[in-house]
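The primary structure of each chain is shown beneath.
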Amino acid sequence: MFDSDFGPDPLALLTREVLRERTPALIAEACAWAVGLSDQPHHLRVRGRVVTTGLTIGARAATGQLLSGEEDGRLELGDARPGSFQDALNSVTADGTLIAEHFDREVVEPFVLATCVQAAERARDTRAAAWSELLDELGEDGADLVEVVRVAEWEAPLRIDAEHLVLAALGAVPLVEVEAEGLPLSLVRAAEAVTRAAAPPPVRPAEPGRPDELAGALFLAEAALQGSGLTLPVPLAQADRLLDVLLAEGLLPEEVPALLAHLPVEPVTAAEVRATLATLGPGL
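Residues numbered from 1 in each chain as written. Predicted model: local features only at pLDDT ≥ 70, side-chain atom pairs only at ≥ 80, totals over all residues. Heavy atoms only, no water.

**Student:** If you had to explain helix H2 (residues 23-34) to someone new, which residues and values would you point to?
**Tutor:** Helix length check: H2 (12 residues) gives 17 Å between terminal C-alpha atoms against 16 Å at 1.5 Å per residue, within 8%. Taken together, the buried positions of H2 are Thr23, Leu26, Ile27, Ala30, Cys31, Ala32, Trp33 and Ala34. Gly36 occupies a position one or two residues after H2 and carries a positive phi of about 100°. (Helix = DSSP H or I, 4+ residues; strand = E, 2+ residues; numbered from the N terminus. Expected span 1.5 Å × (residues − 1). Buried < 20%, exposed > 50% of the residue type's maximum accessible area, 1.4 Å probe, protein only.)

**Student:** Let's hear about the packing of aromatic side chains: which residues, and what values?
**Tutor:** Considering all chains together, one arrives at two aromatic pairs under this definition. With centroids separated by 5.0 Å and ring planes inclined at 65°, the aromatic side chains of Trp33 and Phe103 adopt a geometry described as edge-to-face. On the criterion of sequence distance, the pair formed by Trp33 in helix H2 and Phe103 in helix H5 (residues 99-126) is long-range, its members being 70 residues apart. Residues Phe85 and Phe103 carry aromatic rings whose centres are separated by 5.9 Å and whose planes lie at 85° to one another, so their mutual orientation is edge-to-face. Here Phe85, found in helix H4 (residues 85-89), pairs with Phe103, found in helix H5; they are 18 residues apart in sequence, far enough to count as distant. (Phe/Tyr/Trp six-rings, centres within 6.5 Å; stacked < 30°, edge-to-face > 60°.)

**Student:** I'd like a rundown of unusual backbone geometry, residues and numbers included.
**Tutor:** Most peptide bonds adopt trans geometry, and most residues besides glycine take a negative phi value. Cis geometry marks the peptide bond from Leu232 to Pro233; its omega dihedral reads -5°. Structurally, Pro233 is set in the loop between helix H10 (214-226) and helix H11 (239-248). Here the phi dihedral of Glu153 falls at roughly 60°; this positive angle occurs in a residue that is not glycine. Mapped onto the secondary structure, Glu153 falls in the loop between helix H7 (145-152) and helix H8 (155-170).

Right, here's the structure in full:
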């Protein structure tokens with residue numbers, strides 16, 4: 001695609017480089033996320049219906065039985081060692097989804113997006129000519145790095161790489177050992193969440209030129225956030241819930257993008273909400 005010092009696809013190469021550098025952090029986050037899985041009720045899909053086995057995931061694993069069933073599951077997660085982290089990922093939850101789906105949404109996707117943004121920052125800061133060429137090709141101005149990553153579609157292949165790294169490191173490890181390894185970081189993450197929830201949202205100074213017509217909608221949005229139970233500033237993992245909260249408050253879809261810049265929302269979360277609204281279109 002590009003004739004530059006990055007090679008044929010410069011940012012794609014950089015994302016993999018940055019992912020390799022961040023692999024220890026990815027594994028640590030995966031372990032921290034796994035904490036508590038053993039205490040969850042174990043379910044199986046039997047003749048199309050999800051039923052509880054009466055055991056916890058940990059108790060089932062302790063007996064040496066597979067956690068995942070035969071009726072569903074991902075092929076790449078098959079042939080797992082009973083009671084392993086890979087086996088747990090392939091098991092079904094009460095709502096019929098796989099634990100792997102929750103892991104992808106809550107760990108892999110946010111981590112990969114952050115990795116892509118870091119790669120974009122490195123490209124912008126260290127290889128200006130190639131970065132400019134990249135922006136010209138994509139038709140972007142580079143002001144929103146998350147949007148550059150989205151338009152270039154570099155996340156999907158990197159998610160596959162990230163999943164492979166996690167499975168290579170943790171797939172065959174007993175779930176209880178993964179949880180034990182992740183407990184310290186899990187406690188840190190829990191403390192951070194409590195601190196963010198207890199802290200008042202940052203006071204945002206009035207912005208020059210801010211249209212007066214936003215005032216009413218902004219008041220509604222701020223009130224909705226305060227009573228929503230969402231973490232503030234709202235992280236990427238809660239982007240869908242944020243959009244639901246705002247729309248439930250009566251805000252119009254076309255009002256939401258302009259409001260996001262004035263709300264306690266992380267930049268990557270705002271970009272995700274805007275992207276969701278764009279895919280839904282005006283007929284929402």
